[in-house]
Amino acid sequence: MDGEAPRVLVVGATGELGTHAVHGLLARGAQPAVAGRDTARLDALAIRTGCPAFPIDAYDLDGCARAAPRAAAALGGLDGVLVAVGVPAFGSADSVPDAVAEHLMTVNALCPMAVLRGAVPVVRDGGFLAAITGAIVETPLMGTADYAAAKSALSVWLGVVSREVRRRGVDVVDARLPHMDTGFTTRAIAGSPPRLPAGADPATEMAALLDRLLRHLASARR
Ligand SMILES: NC(=O)c1ccc[n+]([C@@H]2O[C@H](COP(=O)([O-])OP(=O)(O)OC[C@H]3O[C@@H](n4cnc5c(N)ncnc54)[C@H](OP(=O)(O)O)[C@@H]3O)[C@@H](O)[C@H]2O)c1
């Protein structure tokens, strides 16, 4: 990539899609910082890639909001943030315990919102703020009411923020990726997934997303 290496924070870098994003960014000449919950995987990723790393947990929203300022300090500025944090749970709405519903809202909505809220003042003009929501916000399936509601809450929030930062040229991206083969549904905290279509290839989907994000940075620099 021409010019200065884009400095990008990946949150949820310890997950399948987050790890794809980190390697994809490095392959494209960017300079990532990484944040994740599982400290053993986070440390291993930081050692493998040389990226600055920050632990985050969805239940520490103040800590989530500090991730972008910390990354900006470590990288000498911040061009973009990509949030790939999430967890599913399944079952008819009347069978989902409130504690599970609260967990889904915290991890899938409040955590990404806190990360990106903290990023708004530090991301450079012409940068990007992105989160992976999913195709589920367009076509919520039966048995996913609480997961889909959390992702939809995040999606609506991103839409409003997009208008709030438009004058600064910041691209707010609601990445509605399709179901992919990452094993995500096997990590559900409750219930079993409904019948899903064959999973798309995560490498292809993430490559398209990264290309879009970096194209925006390149065009904003011109
Ligand atoms: N895979 C799909 O088919 C698909 C489709 C559309 C959208 N998405 C979305 O894409 C994102 C990533 O999915 P994936 O397939 O890469 O799943 P994944 O491998 O399970 O990754 C999930 C990520 O969320 C983090 N996380 C979970 N609970 C957390 C908590 N309490 N606090 C902080 N972080 C937490 C995990 O952190 P640790 O690993 O450090 O615990 C991990 O980094 C999710 O938002 C998902 O909803 C996935």
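Residues numbered from 1 in each chain as written. Predicted model: local features only at pLDDT ≥ 70, side-chain atom pairs only at ≥ 80, totals over all residues. Heavy atoms only, no water.

An unreviewed UniProt entry lists the chain under the name Short-chain dehydrogenase, with Streptomyces roseus as the source organism. Regarding the chain, the relevant UniProt record gives this comment under Sequence similarities (unreviewed entry): "Belongs to the short-chain dehydrogenases/reductases (SDR) family." (UniProt positions renumbered as here; feature names shortened; annotations may be inferred.)

Further remarks concern the site of the ligand. Around the ligand sit 26 residues, and of these T14, D38, R41, M180 and T182 come closest. Within the backbone of D38, one N or O atom sits 2.6 Å away from an oxygen atom of the ligand. Measuring from a nitrogen atom of the ligand, one finds a backbone N or O atom of A58 at 2.9 Å. More than half of the atoms belonging to the ligand lie within 2 Å of the grid points that define the largest pocket. Elements supplying a minimum of two residues to the shell around the ligand: α1 (16–27) and α5 (145–165). A per-class count over the shell around the ligand returns eleven nonpolar, eight polar and seven charged. (Near = heavy atom within 4 Å. Polar contact = N/O pair within 3.5 Å; in protein donor to acceptor, adjacent residues only side chain to side chain. 1 Å grid on protein atoms, 1.4 Å probe; cavity = no way out; pocket = protein on both sides within 12 Å on 5 of 7 lines; lining within 4 Å. Sits in = over half its atoms within 2 Å of the grid points. Helix = DSSP H or I, 4+ residues; strand = E, 2+ residues; numbered from the N terminus. Nonpolar A, V, L, I, M, F, W, Y, C, P; charged D, E, K, R; others polar.)

In terms of residue burial, strand β2 (residues 31–36) counts as a mostly covered element, since five of its six residues are buried. Pairing between strand β1 (residues 7–11) and β2: five bridges, direction parallel. Bridging from a neighbouring strand, V8 pairs with P32 of β2. Remark: the β1/α1/β2 crossover connection has right-handed handedness. As judged from the three bridges shared by β2 and strand β3 (residues 53–55), these two strands associate in the parallel manner. Residue pairing across strands places G36 opposite P55, the latter belonging to β3. (Buried < 20%, exposed > 50% of the residue type's maximum accessible area, 1.4 Å probe, protein only. Pairing = 2+ DSSP bridges. Right-handed = clockwise from strand over helix to strand, strands pointing away.)

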